[in-house]
Amino acid sequence: MTPSNWGGKREGAGRKQAQETNKTRVVRVDEALIPLINDLKDQYKKGCALNNLTIVTNNQDAKQQTTLYNDPASVSIVTDLQEKILQLEAEKLIIEAKLIERENIGLKLVQERDKEHLKAVHADSKVESLKSSCRYLKHTYDELLHREYDCMAITGTGERCSKPAKVDSIQNGLMIRVCLQHKKLAENNKR
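Residues numbered from 1 in each chain as written. Predicted model: local features only at pLDDT ≥ 70, side-chain atom pairs only at ≥ 80, totals over all residues. Heavy atoms only, no water.

**A look at the pattern of salt bridges**
- For the structure on display, the rule yields 4 salt bridges.
- The partner of Lys119 in a salt bridge is Glu116, with the nearest N and O atoms 3.6 Å apart. One end of the pair, Lys119, and the other, Glu116, are both in helix H3 (residues 72-149), 3 residues apart, so they sit about a helical turn from each other.
- According to the relative accessible area criterion, Glu116 is partly exposed, its value standing at 48%. (Salt bridge = Lys/Arg side-chain N within 4 Å of Asp/Glu carboxyl O. Helix = DSSP H or I, 4+ residues; strand = E, 2+ residues; numbered from the N terminus. Buried < 20%, exposed > 50% of the residue type's maximum accessible area, 1.4 Å probe, protein only.)

Dropping the structure here:
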């Protein structure tokens, strides 16, 4: 068998390596430190040693502070800014307290509205129940009223006559309302 040029490891294949790269590492830092870290990286790329970078940063802060406090205009600006910061923080606390108070009031109003809504729903259900009872009573009344105007005579099968009553008739000493047919029968029975 002849060796194949397909597949496997070949000399000079793959990505070329960069010349002397530094190892890197991912680190989580606070967002407030990001500008300082970016400045340190820029200075390091320019060739400054890390020990010098931190000392220079500390010295710059100290120099800036001493020159800042030696200048009376700067001092007044800084004190004004600090006073404004304190005032804004106090206003923020007041606004937060008012916001919490309004949220509590809003919560109470929502609870009261929900109570009233439940009362309204309960009242509606009572009204519907009363309407249903009224319809039932009206039906019963109509049935009783209809029964009162029906003939009161008993048919041959032993049931009450369902014809409308037209006249009064006396049977066995009682006055009853009967239809015309039963009136004639009652008159014939009297003779």
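Here the narrative resumes.
**Examining the pairing of strand E1 (residues 167-171)**
- One ladder, built from 5 bridges, connects E1 with strand E2 (residues 174-178); its direction is antiparallel. Bridged to Asp168 within E2 is Arg177.
- Here E1 folds back onto E2, and the loop between the two strands holds 2 residues, one of which, Asn172, carries a positive phi near 55°. (Pairing = 2+ DSSP bridges.)

**A few points about the side chain of His182**
- As for its placement among the helices and strands, His182 is situated in helix H4 (residues 180-190).
- Leave out the neighbours within four places in its chain, and His182 touches Cys151, Ala153, Ile154, Thr155 and Cys161. (Contact = heavy atoms within 4.5 Å.)

**Observations regarding the state of the cysteines**
- Evaluation of the coordinates by the stated rule reveals 0 disulfides.
- Lacking any disulfide linkage, Cys161 is separated from the closest cysteine sulfur, that of Cys151, by 4.0 Å.
- Sulfur of Cys179: no disulfide; nearest cysteine sulfur belongs to Cys151 and is 3.8 Å away. (Disulfide = S-S within 2.5 Å.)

**Looking at the nonpolar core**
- Grouped together as the largest cluster of nonpolar side chains are 6 residues: Cys151, Ala153, Cys161, Ile176, Val178 and Cys179.
- Other than its neighbours up to four places away in sequence, Ala153 contacts Glu159, Arg160, Cys161, Val178 and His182. (Core = buried A, V, L, I, M, F, W, Y, C linked by side-chain atoms within 4.5 Å.)

**Digging into the confidence of the model for the chain**
- For the chain, the mean per-residue pLDDT works out to 80, and 80% of the residues sit at or above 70.
- Considering only residues more than four positions removed or in separate chains, one finds that residues 53-59, a stretch of pLDDT under 50, has 5 contacts. (pLDDT = per-residue confidence, 0-100.)

**Things to note about a nonpolar patch on the surface**
- Among the surface-exposed residues, Val27, Val29, Leu33, Ile34 and Leu36 lie close enough to one another that they form a single nonpolar patch of about 400 Å² accessible area.
- We classify Val29 as partly exposed; its relative accessible area is 38%. (Patch = residues over 30% accessible without salt bridge, like charges linked within 9 Å, V, L, I, M, F, W, Y side chains within 5 Å. Areas by Shrake-Rupley, 256 points an atom, 1.4 Å probe, with all protein chains shown as cover.)

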